[in-house]
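# A look at the structure
As a plain string of letters, each chain reads:
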2 protein chains.
Amino acid sequence: MNELAHRVKDASLRLAGVGTDRKNEALAQIAEALKNSKEKIIKANREDLLRSKQENLPEPLLKRLNFDEAKIEVVIDGIFSLIHLDDPVGKTLLSTKLDDGLELYKVTCPLGVIGIIFESRPDAMVQIATLCLKSGNGALLKGGVEARETNRVLAEIIIKATEKAGIPSNWFALLETRSEVSEMLKMNQYIDLIIPRGSNEFVRYIKENSKIPVMGHSDGICHCYVAEDADVNMAIKIVSDAKTEHVAACNALETLLVHKKIAPEFLPVLKESLDNKNVELIGCSETCGLISVTAAPEEDWKTEYLDYKLSVKIVTGFDEAIEHINTYGSGHTDIIITPDKEKAMQFMEYVDSGNTFWNCSTRFSDGFRYGFGAEVGISTNKLHARGPVGLEGLVIYKYKLLGSGQIVGDYTTRSRTFKHEKMKKEFPLV
Amino acid sequence: MNELAHRVKDASLRLAGVGTDRKNEALAQIAEALKNSKEKIIKANREDLLRSKQENLPEPLLKRLNFDEAKIEVVIDGIFSLIHLDDPVGKTLLSTKLDDGLELYKVTCPLGVIGIIFESRPDAMVQIATLCLKSGNGALLKGGVEARETNRVLAEIIIKATEKAGIPSNWFALLETRSEVSEMLKMNQYIDLIIPRGSNEFVRYIKENSKIPVMGHSDGICHCYVAEDADVNMAIKIVSDAKTEHVAACNALETLLVHKKIAPEFLPVLKESLDNKNVELIGCSETCGLISVTAAPEEDWKTEYLDYKLSVKIVTGFDEAIEHINTYGSGHTDIIITPDKEKAMQFMEYVDSGNTFWNCSTRFSDGFRYGFGAEVGISTNKLHARGPVGLEGLVIYKYKLLGSGQIVGDYTTRSRTFKHEKMKKEFPLV
């Protein structure tokens, strides 16, 4: 395992220097191979499904494990969009002339090796592997045991297709045993970033057990604050979408905060609307006084239901709403409904979350909807990358300084002084 | 302690919304107050020096603890440069029209609360506190016990001056006991980033004992590769500067890699030059065959001497040099001496370090020399910020979405489609 990770690290250093055309060619080869191997993939996936059913894998996991022709098509389409996205590597972020013949460049480069651990979904595996490839990163993947046959076939396709396109071999490796995960979490000399995909508990476990930086979110406790001057119809429409459009999503609404002045008018209409969608409401004592709902203990403000359930709290005003969100929220996505622009600007300023919206649904918090083409996941970290993370989150930069014999001693003794002129120049390629 | 950190967090959320003018006014007030309190500061510092001498604090630490008029002047000058730097907060990084009346902005914002732990130097305390202020971050500082009187006076000055300028109170707090450090390292609900300043052992200890992200470097094992075609005079000049200009600096040269073809010509001249500067050379067995030096065991390739000592290894070529650096280096700063541009470009590409240079000294790896004005430190992390870190490393971004009632359901059912038009528009202020 140690040796395997070492090989992926070595290959990743060579992959960092591979040009855009070759990477795109490799992506096209993967798409082509997936198209040609549909039957083989589906056959392997059927084996996984059958075995997992016998092992009583829960229904939602079986659904995620399923990788049929339609899903393969979606993955192939995704690869073609990825080919059309800009290469995030090799971009010059800054160029400064420190002195004559001494030029500093800040240039984007891959992170190195990404360790990806995911539960059942085989489509996530292809998606993240191709994102790693386009961003020039080595990938060490560990899939769920339930998907082992599908993953083996997919890994073989990816490895063969990229070798054919001239990508350094060993850039990609598949791990198969669970014990390898705990080993992986300790390999900070070879792995630069861990991306876990799966349930909240799973992501939380990974975050708590790794010395390597982890990107992702373990909770999505999203809030909507309905201000005293909100348009009731707009608020009903947005809350209903945010709660019910896809209840199991991390960007679904979990807690509604309502200004006390608008609550008597708003809450009965809301209840009627959400009753029609089978959403269970639970609320603070004041909410219980206005509509017939179950009382919410404090625990509910910290709960991500991922279900047809919504907690409601009446607040005395803007400050209490912000305070509540910053105390109980998870830094994912929080929104305000108000016609007042100044209030909205303050809300978006003071709410300490990766995504803060005005007069639209929490469900827009998503890489595809943001126009990023592809996403690795949504980060609630505050360092490096926040919110939906696309290719840009998989690169960092390095400083390159081109000199002609300069030494620092000349500047310390003041026989030379720095010029520090901004250049707006691209890093010179050979 | 928990309550204190909570108060700093609350204040930091308000500080995030404070404008550039007010922050600059507060910085000017700090500079003014430092100027007016020189005598008081120097008196407190004398007490610290006297007590520390009696407690037998080692000489280098006493030197760092010393905060005299000249050092106060340097700190005041630094504050004025900081005032003139761009505010890193509120910059629009991306703006996209998702649809009519639905605009997405990616806007920079402060990280939140920075926990700073430093050993003896009181000037580092003022420097980092003012960097936090300019970047809109709350600051929780823990200084060394040896500097307690000086730090108390400085903290009082910072707190009073910023209150006078209308900065939210409690944005800054000073911790005084050692036990508070271990508490601090666990407070990931209030602290967003830890910056340790001090010896390598100290930084390593902090990195290994915190759940909060840590920014900084624990090692600076910098390399110079002298290629077969290098100009010998240039190589001697650069190596001498990189090794001896300031031996205790993290960007000082520690290992020299020499191509075997140039070694017989280069090493004797190098030895003579470094002998004059009292640099002890140790080397691989082949080096020992060419010049009279002590043999280096493998441990030396992993050692940061921070002293007049340099390890030398003869390599068979470019690939071995890169392999050696990526194996034994610390990702800090590595340089190549060669007239060959293509080789230099490859070196800078394949060496996995934050700073890779061509034909100039490792000592240029520094925020002031890069023209950043001020620096928090040099990061060998690969996420978020790498190399010398200025104000930009203390901010992140959030996505702000301005809508007019949009729901995702309309896009899922395809009654509306995304436009995803790039706007190049600044985030609209009120």
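Residues numbered from 1 in each chain as written. Chains lettered and ligands numbered in written order. Predicted model: local features only at pLDDT ≥ 70, side-chain atom pairs only at ≥ 80, totals over all residues. Heavy atoms only, no water.

### Brief notes about the overall build of chain A
Heads up, the rule is: Starting at the N terminus, helices and strands are each numbered in turn, a helix being any DSSP run of H or I of at least four residues and a strand any DSSP run of E of at least two. We call two residues in contact whenever any of their non-hydrogen atoms come within 4.5 Å of each other. In these tables, accessible area is a Shrake-Rupley quantity obtained with a 1.4 Å probe, and a residue counts as shielded only by the protein chains included in the view. Counted as positive: Lys and Arg. Counted as negative: Asp and Glu. His and the chain ends are not counted at all. A single reference atom marks each charge: NZ on Lys, CZ on Arg, CG on Asp, CD on Glu.
Within chain A one finds 15 helices and 17 strands. Pairs at least 24 apart in sequence give 74% of the contacts found in chain A among residues at least 6 apart. Counting only carbon and sulfur atoms, one obtains 48% of the accessible surface of chain A, whose full area is about 17100 Å². Separation of charge centres in chain A, based on 54 positive and 62 negative side chains, amounts to 5 Å.

### Topic: the pairing of strand E5 (residues 172-175) of chain A
All names here are of chain A. Threshold: Here the rule is simple: two strands pair whenever DSSP picks up at least two bridges between them. A crossover counts as right-handed when, viewed with the strands pointing away from the observer, the path leading from the first strand over the helix to the second turns clockwise.
Sheet analysis places strand E4 (residues 138-142) next to E5, joined by 4 bridges and oriented parallel. Directly across from Leu140, in E5, lies its bridge partner Ala173. One crossover worth recording links E4 to the parallel E5 by way of helix H7 (residues 148-164), and it is right-handed.

### What to know about helix H2 (residues 20-36) of chain B
Residues and elements named next belong to chain B. Rules: Helix span, as expected, comes to 1.5 Å for every residue beyond the first. The buried label goes to any residue with under 20% of its type's maximum accessible area, the exposed label to any with over 50%, and the partly exposed label to all in between, with areas taken from a 1.4 Å probe on protein chains only.
Helix length check: H2 (17 residues) gives 24 Å between terminal C-alpha atoms against 24 Å at 1.5 Å per residue, within 8%. Along H2, the residues classified as buried are Lys23, Asn24, Ala26, Leu27, Gln29, Ile30, Ala31, Ala33 and Leu34. Those residues of H2 that are buried are in contact with helix H3 (38-54), helix H5 (69-84), helix H6 (122-134) and helix H7 (148-164).

### Observations concerning the relation of the copies chain B and chain A
Our working rule: Copy-to-copy alignment: least squares on C-alpha atoms, limited to residues at pLDDT 70 or above in both.
Once turned by 180 degrees and shifted 0.0 Å along the axis, chain B lies on chain A with an RMSD of 0.0 Å. Classification of the inter-copy transformation places it as that of a two-fold axis. The rotation axis passes nearest to the C-alpha of B:His384 in chain B, at a distance of 1.9 Å. Most of the interface of chain B is mirrored in chain A: 100% of its interface residues are interface residues there too.

### Description of the pattern of salt bridges
Operational definition: The salt bridge definition used is simple: a Lys or Arg side-chain nitrogen within 4 Å of an Asp or Glu carboxyl oxygen.
By the definition in use, this model includes 58 salt bridges over all chains. With a shortest N-O distance of 3.9 Å, A:Glu349 and B:Lys400 are connected by a salt bridge. Of the two residues, A:Glu349 sits in helix H14 (residues 341-350) while B:Lys400 sits in strand E16 (residues 395-406), which places them in two different chains. We note a salt bridge from B:Glu228 to B:Lys343, for which the minimum N-O separation is 3.4 Å. You can see B:Glu228 sitting in the loop between strand E7 (222-226) and helix H10 (232-244) and its partner B:Lys343 sitting in helix H14 (residues 341-350), a full 115 residues away along the chain. The exposure class assigned to B:Lys343 is buried, which follows from its relative accessible area of 13%. Salt bridges here are not isolated pairs; linked through shared partners, they connect A:Lys9, A:Asp192, B:Asp352, B:Lys382 and B:Arg386.

### Remarks on the interface of chain B and chain A
We apply this condition: Summed over both partners, the accessible area lost on bringing two parts together, with a 1.4 Å probe, is the buried area. Any pair of nitrogen or oxygen atoms within 3.5 Å is treated as a polar contact; in protein, a donor-acceptor pairing is required on top of that, and neighbouring residues in sequence qualify only through side-chain atoms on both sides.
With 81 residues of chain B at the interface, the matching set in chain A holds 81 residues. Note on chain B versus chain A: buried area summed over both sides is about 6700 Å², and carbon and sulfur give 60% of it. Run the count over chain B and chain A and you get 8 salt bridges. At the surface where chain B touches chain A, the tally comes to 44 residue pairs in polar contact (both at pLDDT 80 or more). No other element matches E16(B), which puts 11 residues into the side of chain B that touches chain A. As paired strands, strand E16 (residues 395-406) of chain A and strand E13 (residues 355-360) of chain B are joined by 5 bridges and run parallel to one another. Paired with A:Leu402 across the bridge in E13(B) is B:Trp358.

### Points about the domain arrangement of chain A
Our working rule: Domain boundaries shown here were taken from an automatic or database domain assignment.
Here chain A is partitioned into domain 1 (2-215 + 390-394) and domain 2 (222-364). Relative placement of domain 1 of chain A and domain 2 of chain A: their C-alpha centres are 36 Å apart.

### Observations concerning the nonpolar core
Counted only if it meets this: Here, nonpolar core means buried Ala, Val, Leu, Ile, Met, Phe, Trp, Tyr and Cys residues that are tied together by side-chain atoms lying within 4.5 Å of each other.
Residues A:Phe266 and B:Phe266 are the most contacted members of the largest nonpolar core, which totals 202 residues. When sequence neighbours within four positions are dropped, the list of residues in contact with B:Phe266 reads B:Val226, B:Val232, B:Ala235, B:Ile236, B:Leu256 and B:Val258.

### A look at the side chain of B:Ser311
All names here are of chain B. Within the secondary structure layout, Ser311 lies in strand E11 (residues 309-315). At 2.9 Å, the side chain of Ser311 and the side chain of Thr255 are in polar contact. For Ser311, the contacting residues outside a window of four places in its chain are Glu254, Thr255, Leu256, Ile282, Asp300, Trp301 and Tyr305.

### What to know about the environment of A:Asn24
Looking at the element boundaries, A:Asn24 is found in helix H2 (residues 20-36). As for A:Asn24 and A:Lys313, which are separated by 289 residues in sequence, their C-alpha atoms are 50 Å apart.

### Brief notes about the side chain of A:Lys313
Residue and element names in this part refer to chain A. By the element assignment, Lys313 lies in strand E11 (residues 309-315). Among the polar contacts made by the side chain of Lys313, one reaches the side chain of His324 at a distance of 3.3 Å. Once you skip the residues sitting within four places of it in the chain, Lys313 turns out to touch Leu256, Leu257, Val258, Cys284, Thr287, Trp301, Glu320 and His324.

### Topic: unusual backbone geometry
Residue and element names in this part refer to chain A. Even without a glycine there, the phi angle at Asn359 is positive, about 55 degrees. As for its placement among the helices and strands, Asn359 is situated in strand E13 (residues 355-360). Assessed through its relative accessible area of 6%, Asn359 is described here as buried. Residue His420 is not a glycine yet carries a positive backbone phi of 50 degrees.

### Here's the deal with H5(B)
An ideal rise of 1.5 Å per residue puts 22 Å on 16 residues; H5(B) measures up with 23 Å between its terminal C-alpha atoms. Of the surrounding elements, those touching the buried residues of H5(B) are H2, H3 and H6 of chain B.

### Re the packing of aromatic side chains
Residue and element names in this part refer to chain B. Heads up, the rule is: A pair of aromatic rings is counted whenever rings of Phe, Tyr or Trp (Trp by its six-membered ring) have centres within 6.5 Å, and the orientation is called stacked for planes under 30 degrees apart, edge-to-face for over 60 and tilted otherwise.
Applying the stated criterion to the full structure yields 19 aromatic pairs over all chains. Taken together, a centroid distance of 5.2 Å and an interplanar angle of 80 degrees make the contact between Tyr105 and Phe427 edge-to-face. Of this pair, Tyr105 sits in strand E2 (residues 102-110) while Phe427 is found in the segment after strand E17 (421-422), placing the two residues 322 residues apart along the sequence. Judged by its relative accessible area of 0%, Tyr105 falls in the buried class.

### Points about the packing of helix H5 (residues 69-84) of chain A against helix H6 (residues 122-134) of chain A
Residue and element names in this part refer to chain A. For clarity, the threshold we go by: Interaxial angle, 0 to 180 degrees, is taken between N-to-C directions of lines fitted to C-alpha atoms, where a helix line uses only the stretch in contact. We call two directions roughly parallel when the angle between them is under 35 degrees, roughly antiparallel when it is over 145, roughly perpendicular when it lies between 65 and 115, and oblique otherwise. Throughout, a crossing is termed right-handed when the near helix is turned clockwise from the far one, and left-handed when it is turned anticlockwise from it by less than a right angle.
Axis separation between H5 and H6 bottoms out at 10 Å; the angle between their running directions is 10 degrees. The orientation of H5 with respect to H6, classified from their angle, is roughly parallel. Considering only the axes of H5 and H6, their crossing is right-handed. In contact with Lys71, Val75, Ile79, Leu82 and Ile83 of H5, H6 contributes Asp123, Val126, Thr130, Leu131 and Lys134.

### Observations concerning the sheet that holds E17(B)
Strand order in the open sheet formed by 11 strands is E10(A)-E9(A)-E11(A)-E8(A)-E7(A)-E12(A)-E13(A)-E16(B)-E2(B)-E1(B)-E17(B), with mixed pairing between adjacent strands. What marks the edges here is a single partner per strand, and that holds for strand E10 (294-295) of chain A together with E17 of chain B.

### Points about the packing of H10(B) against helix H11 (residues 263-275) of chain B
All names here are of chain B. Running from amino to carboxyl end, H10 crosses H11 at an angle of 40 degrees, the nearest separation of the two axes being 10 Å. When the interaxial angle is binned, H10 and H11 end up oblique. Between H10 and H11 lies a crossing whose hand is right-handed. Note on element contacts: H11 touches H10 through Glu265, Phe266, Val269, Leu270, Ser273 and Leu274, opposite Val232, Ala235, Ile236, Val239 and Ser240.

### Some thoughts on the environment of A:Asn2
All names here are of chain A. Here Asn2 shows up in helix H1 (residues 2-15). Residues Asn2 and Gly19, spaced 17 residues apart in sequence, show a C-alpha to C-alpha distance of 28 Å. When sequence neighbours within four positions are dropped, the list of residues in contact with Asn2 reads Met187, Gln189 and Tyr190.

### With respect to the environment of B:His246
Residue and element names in this part refer to chain B. Counting through the fold element by element, His246 comes out in the loop between H10 and strand E8 (253-259). Overall, the relative accessible area of 41% leaves His246 in the partly exposed class. For the pair His246 and Asp307, spaced 61 residues apart in sequence, the C-alpha to C-alpha distance is 8.9 Å. Beyond its immediate chain neighbours, meaning those up to four positions away, His246 contacts Ala252 and Arg363.

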